[in-house]
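Chain by chain, the residues run as shown.
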Amino acid sequence: MINYKVREEKKGAFLFDRKNGKAEQLTEEQYLSMLNNSLIKNNPEWQFIPKKNRDLLPDDCFSAPSRIYFELSRKCNLGCKACFNESSLPLDKELTTKEVLDILNQLNKAGTFEIRFTGGEPTTRKDFLTIIQYAKKLGFYISMGTNGVYNATKSKKIINSGIDWFIVSLEGREKVSDYIRGKGNYKKALKTLKAISKQKKRIRINTVIGKYNKDEIKFLAKLADSLGAESLNLIPLRPYGRAAKLLSDQMLSRKEFYEMIKTINGLRKVHKVKFVTTIDLLNKDNLSKQDRIIKKERTCAAGVEGAVISPLGDIYGCSYSPASDPSSKDKIGKEIFVAGNLRKQKFSDVWLNSKKWAVFRDLKQYKNKKCLSCNHYKHECVGSCPVMSYYENGTLDNFDPYCFKDLLLGEKA
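Residues numbered from 1 in each chain as written. Predicted model: local features only at pLDDT ≥ 70, side-chain atom pairs only at ≥ 80, totals over all residues. Heavy atoms only, no water.

Before going further, it helps to examine the overall build of the protein. The secondary structure content of the protein amounts to 18 helices and 14 strands. The dimensions of the protein, computed from C-alpha atoms along their principal axes, are 55 × 55 × 45 Å. Here the protein holds 413 residues, and the buried ones make up 58% of them. Restricting to contacts in the protein with at least 6 residues of sequence separation, those with at least 24 account for 69%. Of the roughly 18,800 Å² of accessible surface on the protein, 52% is carried by carbon and sulfur atoms. Here the protein contributes 75 positively and 47 negatively charged side chains, and the mean placements of these two sets differ by 4 Å. (Helix = DSSP H or I, 4+ residues; strand = E, 2+ residues; numbered from the N terminus. Buried < 20%, exposed > 50% of the residue type's maximum accessible area, 1.4 Å probe, protein only. Contact = heavy atoms within 4.5 Å. Areas by Shrake-Rupley, 256 points an atom, 1.4 Å probe, with all protein chains shown as cover. Lys, Arg positive; Asp, Glu negative; His and termini not counted. Charge placed at Lys NZ, Arg CZ, Asp CG, Glu CD.)

A few words now on the pattern of salt bridges. For side chains bearing opposite charge, pairing can occur when the charged atoms are close. A complete count under the given rule lists 25 salt bridges for this structure. The closest approach of N and O atoms between E230 and R202, which form a salt bridge, is 2.8 Å. Of this pair, E230 sits in the loop between helix 8 (217–227) and strand 10 (231–236) while R202 sits in strand 9 (residues 202–209), placing them 28 residues apart in sequence. The class of R202 is buried, set by a relative accessible area of 13%. Where R238 meets D400, a salt bridge forms, and the shortest distance between an N and an O atom there is 3.3 Å. Of this pair, R238 sits in the loop between strand 10 and helix 9 (241–246) while D400 is found in the loop between helix 17 (386–393) and helix 18 (405–412), placing the two residues 162 residues apart along the sequence. Take R238 and D400: they sit in the same class, and that class is buried. When salt bridges that share partners are traced, they join R67, E114, R116 and D291 into one network. (Salt bridge = Lys/Arg side-chain N within 4 Å of Asp/Glu carboxyl O.)

This is the structure we're talking about:
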């Protein structure tokens, strides 16, 4: 069983510990020391991933994505109001089992550490357990984004399948959560969360935050603590997919978002759960504490440290981008955000072509200029989002509507 992966970079390397789901950067000297250690080099638990032509590797990304968000299907057993990609029915001609396993082989060869299976609801695929078992065999750290709504038999199989980290969605107490996810689904998701907790698995609760549930954070923090959840991820509502149609009036204002961050900062003092969100300007060096695998040293992980693979094999930086909608007539958006298709191209060929990822890697052109000179950038905030900017007004470097730096400065004045 592979438990340690060492991935060569242009300079130095990354050491990944699958048991803890943690990646650590190595200097060139540390990397060479490992290469010369025969006890490590010949140990079957260790996998070394060298790179051809190191000098030719791009300067604006890692040699491979540390995390891949793999959308196995758009099929979903729910129809949540906040769904950014309007998951419901499977797409026509989704990737076959053979194609999925081939892509996993390519990702393993490239040196990806974590596979996060998402959807849709990934567990709706009939071959889901087969895919999990194969990913485990390759030594990936396996996480899954799920709604947690399945029967007892399916729940037991999934929890014991080999998944390392469960990311379960919940919006708050029963009334609020069922408003977003459908009547009766809060109790089903909570039952799943308790079953996962009983098995002492790693848990994150994912919550899309809008006006409808901004007062649910204290409840969610208490629930997370009671379950032993490691983190509570509060995702600001964005005007994408189904949310744009059903919740367009529910986005928090800049002031409301700032008040939410202040609430979170206070709750950090009394709760064990780790709070994770965007533009967390009150939490010093927030980015370095958020994630065991993704570093966010330059910007958002999209297209730099991580990527998304769609059920049709498209590969792009961020799940929220226009690339995620195959029925979209927005050819310009797809041209900007889709880097390639793994039914037609090899993964490494796509990843190492920085021209296809320019919207995420060329920060001088696509990052808002105010962000680049901001003292919060790369510490508590990753800066402006090209996807959000594109949805708002068709540009790629617009200021994020949730940024409250001016309100913070106003209070200090």
